[in-house]
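Residue-level listing of the chains:
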Amino acid sequence: MSIEENFKRLQSTIPKEVLVVAVSKTYPSTAIQKLYDLEHRDFGENRVQEWLQKKDELPADIRWHLIGHLQTNKVKQVIPFVYLIQSVDSLKLLNKIQSESLKLDRITSILLQVKIAQEESKYGFSQDQIFEIVKNSREGRFPNVQIKGLMGMASFTQNQNQIQSEFETLHSMYSQFQADENWNTLSMGMSGDYKLAIECGSNAIRVGSLLFGTRD
Ligand SMILES: *Cc1c(COP(=O)(O)O)cnc(C)c1O
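Everything numeric in this text was worked out from a predicted model, so none of it was measured.

## As for the overall build of the chain
Of regular secondary structure, the chain possesses nine helices and eight strands. Taking the principal axes of the C-alpha coordinates as reference, the chain spans close to 50 × 40 × 30 Å. Classification of the 216 residues of the chain by burial places 50% in the buried group. Counting contacts in the chain only where the partners sit at least 6 residues apart, residues at least 24 apart contribute 59% of the total. Here the chain has roughly 11,000 Å² of accessible surface; of this, 47% comes from carbon and sulfur atoms. For the chain, the separation between the mean place of its 25 positive charges and that of its 26 negative charges on side chains is 4 Å.

Below is the structure:
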């Protein structure tokens, strides 16, 4: 199946309100262009260098989502071109996004990454930290950062019950804050678990291999 066919099939199986972020990391700009030509605009990348190179070969109205762990020394390069940084996983990074956005006189949209998986390796905040940060943000602590919601990754496991319970945890954390135009994105679900994620309340899925094929 072609990338275009994969995309149309995916679209036909999910509700229209769910945002599809096509995760194009490791794939060439020609693959991205194919979905762009179908009017798709949201793409996700996880490596800054790779992304900035591809970006220059593609139309300027693509909405780039950063979904990988971001080092603070790369923030300055990222801010002018990013649509949504989904993977804000430390206070140090959040403070850096605030200070660099202020310098550039911009408001940067972000999601807070939550550590829902059991695994040690996954980055992200705890529930208490999320509560504290959103509270501080609403009190004006990060004037150049717009926190739009939460992002999380379930454990790498075949156990559907565990994945479901992690998604439900994330959804209930998201729902403790009033939904409005500033708090409107719950990003959970990838190629292997997006259906379950949507059932659990996700409104933004990050799908790579299902569209573009398996990565090396
Ligand atoms: C790579 C990646 C995805 C997409 O994974 P697929 O299994 O290829 O759909 C989603 N989210 C994050 C954070 C990723 O790094």
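Structure shown, so let's carry the discussion forward.
## Structural notes on the nonpolar core
Membership of the largest hydrophobic core comes to 61 residues, with the highest contact counts inside it found for Leu112 and Leu150. Per element, the largest residue contribution to this core is five residues, and it comes from helix H7 (residues 160-175). Other than its neighbours up to four places away in sequence, Leu112 contacts Val88, Phe125, Ile130, Ile133, Val134, Ile147, Gly149, Leu150 and Met151.

## Considerations on the site of the ligand
Taken together, the neighbourhood of the ligand is formed by Val23, Lys25, Ile67, Met153, Met190, Ser191, Arg206, Val207, Gly208, Ser209 and Arg215. Contacts to the ligand include Arg215, whose side-chain N or O atom sits 2.7 Å from an oxygen atom. Its free accessible area being 380 Å², the ligand has 88% of it covered by the protein chains. When each cavity is represented as a set of grid points, the ligand is found to reside in the largest pocket.

## Comments concerning helix H6 (residues 127-138)
The end-to-end C-alpha distance of H6 is 17 Å, a good match for the 16 Å that twelve residues give at a rise of 1.5 Å each. Lining the buried residues of H6 we find helix H5 (91-103), strand S5 (108-114), strand S6 (145-152) and H7. Looking one or two residues past H6, Gly140 carries a phi angle of roughly 95 degrees, positive in sign.

Rules of the game
Numbering of residues begins from 1 in every chain and follows the order in which that chain's sequence is written. Residues qualify for local features only when their pLDDT is at least 70, as the model is predicted, and side-chain atom pairs are given and counted only at 80 or more; totals for whole chains, interfaces and linings, by contrast, use all residues. To get the side-chain values, all heavy atoms of the structure are used, and hydrogens and water are removed first. In DSSP terms, a helix is any run of H or I states spanning at least four residues, a strand is any run of E spanning at least two, and both are numbered starting from the N terminus. The rule is simple: take the accessible area with a 1.4 Å probe, protein chains only, and divide by the maximum for that residue type; under 20% is buried, over 50% is exposed, in between is partly exposed. Residue contacts are defined here by distance: any two heavy atoms, one from each residue, within 4.5 Å place the two residues in contact. The protein chains shown are the only cover counted for residues, whose accessible areas, like all others here, come from Shrake-Rupley with a 1.4 Å probe. Charge assignment in this entry is limited to Lys and Arg as positive and Asp and Glu as negative, and neither His nor the chain termini are counted. Charged side chains are reduced to one point each, which is NZ for Lys, CZ for Arg, CG for Asp and CD for Glu. For the purposes of this section, nonpolar cores are sets of buried Ala, Val, Leu, Ile, Met, Phe, Trp, Tyr and Cys residues that join through side-chain atoms within 4.5 Å. In this text, near means that some heavy atom of the residue lies within 4 Å of the molecule or strand in question. As used in this structure description, the phrase polar contact means that two N or O atoms lie within 3.5 Å; if the pair is within protein, one of them must be able to donate a hydrogen and the other to accept it, and residues adjacent in sequence are counted only when both atoms belong to side chains. Think of a 1 Å grid over the protein atoms and nothing else: a 1.4 Å probe that fits but is trapped marks a cavity, an open set flanked by protein within 12 Å on at least five of seven lines marks a pocket, and residues with an atom within 4 Å of a point count as lining. If over half the atoms of a molecule are within 2 Å of the grid points of a cavity or pocket, the molecule is regarded as sitting in it. Expected span of a helix, by definition, is 1.5 Å for each gap between consecutive residues, and there is one gap fewer than residues.

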